[in-house]
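Listed below, chain by chain, are the residues.
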Amino acid sequence: MVKAIDRKLIRDCRRLIGQIASIALVVASGVASYCAVQSTYRSLQQSRREYYSRFAFADAFLSLKRAPEQLKESFDRLAGVSFSDTRVVELASLPMPGMDEPASASLVSLPEHGQATINRVHIKDGHYPAVGSDEVLLFETFAKAHHLKTGDHLSVVLRGMKRELRIAGLAMSPEFLFPMSPTEMMPDEKRFAVLWMRRDALAAMSDMRGAFNDVVFRLGQGVDRDALKGKVDRLTERYGGFGLYYRDKQISNKYLEQELEQLRGMATVVPTIFLLVAAFLLNMVLSRLVATQRAQIATLRALGYGVWQLLRHYLLFVLLVVTLGSLAGVLVGAWLGYELTNLYSHYFHFPALRFSLGTDLVLLSVWVSLLAGTVGALSAVWKVIQLPPAEAMRPAAPTRYRRRFWDYISVLLMLNQSSRMVIRELSRRPWRTLFSTAAIASAIAISVAGRFSYDAIYFLMDQYFPSYLREDVTVTFSEPASKDALDYIRAIPGVQQVEGSRALAARFRSKHYLREAVVYSVGKRDTLRPVLAWPIEEKHIPAHGIVLGRKLAEILHVQLGQSVALEVLEGDRQKFEVQVSAYVNDLIGLQAYIDQQVLARLLDERPRYSGASLLINQSQYKEVMSDLKAIPGVYKVFTPDSIFKRFRNKAEA
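Only a predicted model underlies this, so the values are computations on that prediction, with no experimental measurement involved.

(A) Expanded view of the pairing of strand 22 (residues 634-638). Burial analysis of strand 22 places 5 of its 5 residues in the buried class, the great majority of the element. Taken together, the 4 bridges between strand 12 (residues 473-481) and strand 22 define a ladder with antiparallel strand orientation. Residue Val-475 lies in a different strand from strand 22, and its bridge partner there is Val-637.

This is the structure in structure tokens:
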């Protein structure tokens, strides 16, 4: 037999069906977003862990100029190093048919026999390169972008020599989940490739027989990272070591980590907002429901229903709403999570990316929804059901109003009667006003946060980059080149202006503050690559000292006029001190700027250039690009327009 209080519950549900559906939809949105994003985040994390573990992704990395193979024994003896693997890694140019700008590639050596012990490759098609052959493994996404397959041939320009290599197979590696050229700001599967080649064959092509220029490490548990870095850096200083760095700084892993971090943030913030709104709505609906049922509640109390029975009655109402919303949210969240995971599989090159919706995730989302709904409901119901039946049967006493601060302000401002009523209503229910404002602010915040990154990218593309990259063509050299290289380029028919620049990796030190950044050299009369500060404004580089980006200066805690110590992370690893002559509010990265002649004096060498900016006659574009690609020592040739186009495509993808 159905009790009277249960019949009342059914009647209330029928009467409030519209409001129940609205609140259930809000709860469903919160549960769906939580389940979808959290399950995607967990699926990606799990796939990454399995991939890294199965293919022995390295814990630490080191690049250097050239070192003898005997140095490996010293690495293996270091405390904390489980084992190390030396390699030859070379940058090369790939002139691809149909592309004006050549693609670039990183050639990575494989052991002469068998597989690598660290950073093993995952062969998707074909086989390992034969020993003593000109065969390579090609990164799978690049092969797909250019419709290459096993057995095809590929032209590679390495150290000025063009060679034809045969593709033995297609492969992937945990080291290159986001394959990206060192000179690029974003992954581009069509313009950057990874090729794996047997050690002796690659060493012969790059004059590295009996030597190596790259090391990867697997470390033991509890290793003192700072101490190990110091030991390795000192050990490799004479061989042009660029400094040991750990997995968290490895470019592909760092890029992936940032993506996962964003996903984790979404999984926390968005569902929280939806569930808070759901709790607020439940509180509003139940407050009104209880106010209209005050007499009914008193009658039920008079008939013998206790406080806890009435509380159970309204909690069942909340349970019904939250259960409907949670069930719908779990189903929608599972579907969204599956689709989102499939979407990420196009960007994260895991061998297997499996979607998994954990039971704990479902239970947690339902439990949090119930908690939020219960908190919202209890505050509305508790006061009324505690009233004695005789008192509850009477209409609620009118609210006692009195003049408040805002009433006097309204008078002083000579507001009309309608405006005063609005202000009075808002000030007499401050908590409702506060929560309503917070809910609206949260909704706007979600919209702004969702579009902010796009606006930032479009700002860079539309205003910053066109002001900064004023050249028609950019050339990057494999090794820093002398002024003769610029003169050679200047002599190419169609080239109208050439300006060289140097990008130098360096370690900055001020007191105990330490940071690695890039130093850009700027010529006095350079106009194609100006130093820009925010708001977009061209800055002059003083003829003495160094100009630090403001963020870099903050990290180093260095003031104008003070000296900062620089250790160059290439070549002879020179060390010197230079005075900070100015700050600049740069927009991208941590960097510093210095006059070309000042840098040459500090390095005690004639000016050298890592790249060049060109203005060309557009009617001779194809001829100029063809001539530039044929220059030995040129690693990459591209146009700023192609960068803008790729940025826009990525943003709109």
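(B) Spatial organisation of the side chain of Asp-586. Among the structural elements, Asp-586 can be located in the loop between strand 19 (575-584) and strand 20 (591-595). The side chain of Asp-586 sits in the buried core without any salt bridge; Arg-550 is the nearest counter-charge, 8.1 Å away. Residues contacting Asp-586, with those up to four places away along its chain left out, are Leu-532, Gly-549, Arg-550, Gln-591 and Tyr-593.

(C) Spatial organisation of empty space enclosed by the protein. If you walk through the whole model with that rule in mind, you get 3 cavities of 30 Å³ or more. Estimated volume of the largest cavity: approximately 60 Å³. Arg-502, Ser-521, Gln-596, Leu-599, Ala-600, Leu-603, Glu-605, Pro-607, Arg-608 and Tyr-609 together form the lining of the largest cavity. Among the elements that make up the lining of the largest cavity, the one with the highest residue count is helix 17 (residues 596-603) (4 residues). Looking at the lining of the largest cavity residue by residue, the class counts come to 5 nonpolar, 2 polar and 3 charged. In this structure, the second largest cavity occupies an estimated 40 Å³ of space. Contributing elements (two or more residues each) for the lining of the second largest cavity: strand 3 (89-94), strand 7 (153-158) and strand 22. The leading source of residues in the lining of the second largest cavity is strand 3, at 3 residues.

(D) Structural detail: the sheet that holds strand 11 (residues 245-246). Ordered by their spatial adjacency, 4 strands build an open sheet running 2-10-1-11, and the pairing between neighbours is antiparallel. The open sheet is flanked by strand 2 (81-87) and strand 11, the only strands paired with a single partner. In terms of strand pairing, strand 1 (residues 60-68) meets strand 10 (residues 211-219) through 6 bridges, oriented antiparallel. Following the sheet pairing, Ala-67 is matched in strand 10 by Phe-212.

(E) Molecular detail of a nonpolar patch on the surface. A contiguous nonpolar surface patch, about 390 Å² in accessible area, is contributed by Leu-364, Trp-367, Leu-371 and Val-375. For Leu-371, a relative accessible area of 41% translates into the label partly exposed.

(F) Quick peek at the environment of Phe-644. Relative to the helices and strands, Phe-644 resides in helix 19 (residues 640-652). Taking C-alpha positions, Phe-644 is 5.9 Å from Met-461, a pair spaced 183 residues apart along the chain. Among all residues touching Phe-644, those that are not within four sequence positions of it are Met-461, Phe-465, Pro-466 and Leu-469.

(G) Broad picture of the nonpolar core. In terms of nonpolar packing, the biggest core is built from 28 residues, with Leu-94, Leu-107, Leu-138 and Leu-195 touching the most fellow members. If one sorts the elements of this core by residue count, helix 5 (residues 199-206) sits on top with 4 residues. Discounting chain neighbours no more than four positions away, the residues touching Leu-138 are Ala-143, Leu-148, Leu-154, Ile-167, Gly-169, Leu-170, Ala-171, Ala-193, Val-194, Leu-195 and Trp-196. With 24 residues, the next largest nonpolar core counts Cys-13, Cys-35, Tyr-305 and Val-321 among its residues.

(H) Structural context of the packing of helix 1 (residues 4-15) against helix 9 (residues 307-344). Two numbers describe how helix 1 lies on helix 9: the axes approach to 10 Å, and their chain directions differ by 35°. The hand of the helix 1/helix 9 crossing is right-handed. Here Ile-5, Asp-6, Lys-8, Leu-9, Asp-12 and Cys-13 of helix 1 lie close against helix 9, whose contacting residues are Gln-309, Leu-310, Arg-312, His-313, Tyr-314, Leu-316, Phe-317 and Leu-320.

(I) Looking closely at the side chain of Glu-175. Structurally, Glu-175 can be placed in the loop between strand 8 (161-172) and strand 9 (192-198). Polar side-chain contacts of Glu-175 include one of 3.1 Å to the side chain of Asn-119. Contacts of Glu-175, omitting those with residues within four sequence positions, involve Phe-57, Phe-61, Arg-87, Asn-119, Gln-250 and Ser-252.

(J) Spatial organisation of the packing of aromatic side chains. Enumeration according to the criterion identifies 9 aromatic pairs in this entry. Where Tyr-51 meets Phe-55, the ring centres are 5.3 Å apart and the plane angle is 80°; that geometry is what we call edge-to-face. The exposure classification of Tyr-51 matches that of Phe-55, with both residues buried. For the pair Phe-61 and Tyr-245, a centre-to-centre distance of 5.5 Å together with 15° between the ring planes defines the contact as stacked.

(K) Broad picture of the pattern of salt bridges. Scanning all chains against the criterion turns up 27 salt bridges. The salt bridge involving Arg-87 is made with Asp-214; its shortest N-O contact spans 2.8 Å. One end of the pair, Arg-87, is in strand 2; the other, Asp-214, is in strand 10, and 127 residues separate them in sequence. Take Arg-87: its relative accessible area is 7%, and that puts it in the buried class. Of the charged contacts, one joins Arg-470 and Glu-538 as a salt bridge, the two residues approaching to 3.2 Å between their closest N and O atoms. Here Glu-538 lies in strand 16 (residues 537-539) and Arg-470 lies in the loop between helix 14 (430-468) and strand 12, a separation of 68 residues in the sequence. Through salt bridges with shared partners, a single network forms among Lys-229, Asp-233, Arg-507, Glu-516 and Glu-567.

Calculation notes
- Residues numbered from 1 in each chain as written.
- Predicted model: local features only at pLDDT ≥ 70, side-chain atom pairs only at ≥ 80, totals over all residues.
- Heavy atoms only, no water.
- Buried < 20%, exposed > 50% of the residue type's maximum accessible area, 1.4 Å probe, protein only.
- Helix = DSSP H or I, 4+ residues; strand = E, 2+ residues; numbered from the N terminus.
- Pairing = 2+ DSSP bridges.
- Lys, Arg positive; Asp, Glu negative; His and termini not counted.
- Salt bridge = Lys/Arg side-chain N within 4 Å of Asp/Glu carboxyl O.
- Contact = heavy atoms within 4.5 Å.
- 1 Å grid on protein atoms, 1.4 Å probe; cavity = no way out; pocket = protein on both sides within 12 Å on 5 of 7 lines; lining within 4 Å.
- Points joined across faces, edges and corners; volume = space filled by probe spheres on them.
- Nonpolar A, V, L, I, M, F, W, Y, C, P; charged D, E, K, R; others polar.
- Patch = residues over 30% accessible without salt bridge, like charges linked within 9 Å, V, L, I, M, F, W, Y side chains within 5 Å.
- Areas by Shrake-Rupley, 256 points an atom, 1.4 Å probe, with all protein chains shown as cover.
- Core = buried A, V, L, I, M, F, W, Y, C linked by side-chain atoms within 4.5 Å.
- Axes fitted to C-alpha atoms, helices over the stretch in contact; angles between N-to-C directions.
- Left-handed = near helix turned anticlockwise from the far one by under 90°.
- Polar contact = N/O pair within 3.5 Å; in protein donor to acceptor, adjacent residues only side chain to side chain.
- Phe/Tyr/Trp six-rings, centres within 6.5 Å; stacked < 30°, edge-to-face > 60°.

Take it as geometry only, folks, not as evidence of what the structure does.
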